[in-house]
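# Tertiary structure, described
So you can see what is in the structure, the chains are spelled out below.
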Amino acid sequence: MSQQISPPPTPNRLSTLVSKERELSWQIASNLFVSFKYAWAGISYSFQTQRNFRIHLSVCAFAIGLSIFLHLQSVEIAIIAITSGLVLTLELLNTAIESLVDLTVKQTYHDLAKVAKDCAAGAVLVSALVSLLVAATLLLPPLVALIVTTF
């Protein structure tokens, strides 16, 4: 295997990733509001930097919107929301694992780093496929019925 070495982040990019207010984020949050602020910062970071997170979020919103439009039962909408939320959660964990691995190996190639990143990505893929299966099972019958009655 050839080694792939990623260039280190430029000073401008690094300063946008680690702002002054995040310098002390390793400390225990002083209150619940600060904890939520850090959590939101993680979600915001993933949204801004991870294409797949934005795709999953869009598909999640579409599936829930379609569920409401098709007048699915509350339990069915909840199941779609839970499986979609699991995909988003695993995408956040995947981003965290990738960042931690990059930090550990200093963005150089290592076989175990590849395994960690590939397994994290695989977890997202499995959850996305299950979520797609659940959504198809719940959304397709009423969607087909709507199309048949319309035409």
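Everything numeric here is computed off the predicted structure, so don't read it as measured data.

A count of helical and extended segments in the chain gives 5 helices and 0 strands. Every one of the 151 residues in the chain was classed for burial, and the buried ones make up 20%. Sequence-distant contacts in the chain: of pairs separated by 6 or more residues, those separated by 24 or more amount to 67%. Accessible surface computed for the chain: about 10,900 Å², of which carbon and sulfur atoms make up 70%.

Looking now at the environment of Asn 94. Checked against the element boundaries, Asn 94 lands in helix α4 (residues 74-104). For the pair Asn 94 and Cys 119, spaced 25 residues apart in the sequence, the C-alpha separation amounts to 8.9 Å. Dropping the residues within four chain positions of it, Asn 94 is found in contact with Lys 117, Ala 120, Ala 121 and Val 124.

Moving on: unusual backbone geometry. A positive phi is found at His 71, a non-glycine position, where the angle reads about 60 degrees. On the basis of relative accessible area, His 71 is assigned to the exposed category, the value being 70%.

How each quantity is defined
Residues numbered from 1 in each chain as written. Predicted model: local features only at pLDDT ≥ 70, side-chain atom pairs only at ≥ 80, totals over all residues. Heavy atoms only, no water. Helix = DSSP H or I, 4+ residues; strand = E, 2+ residues; numbered from the N terminus. Buried < 20%, exposed > 50% of the residue type's maximum accessible area, 1.4 Å probe, protein only. Contact = heavy atoms within 4.5 Å. Areas by Shrake-Rupley, 256 points an atom, 1.4 Å probe, with all protein chains shown as cover.

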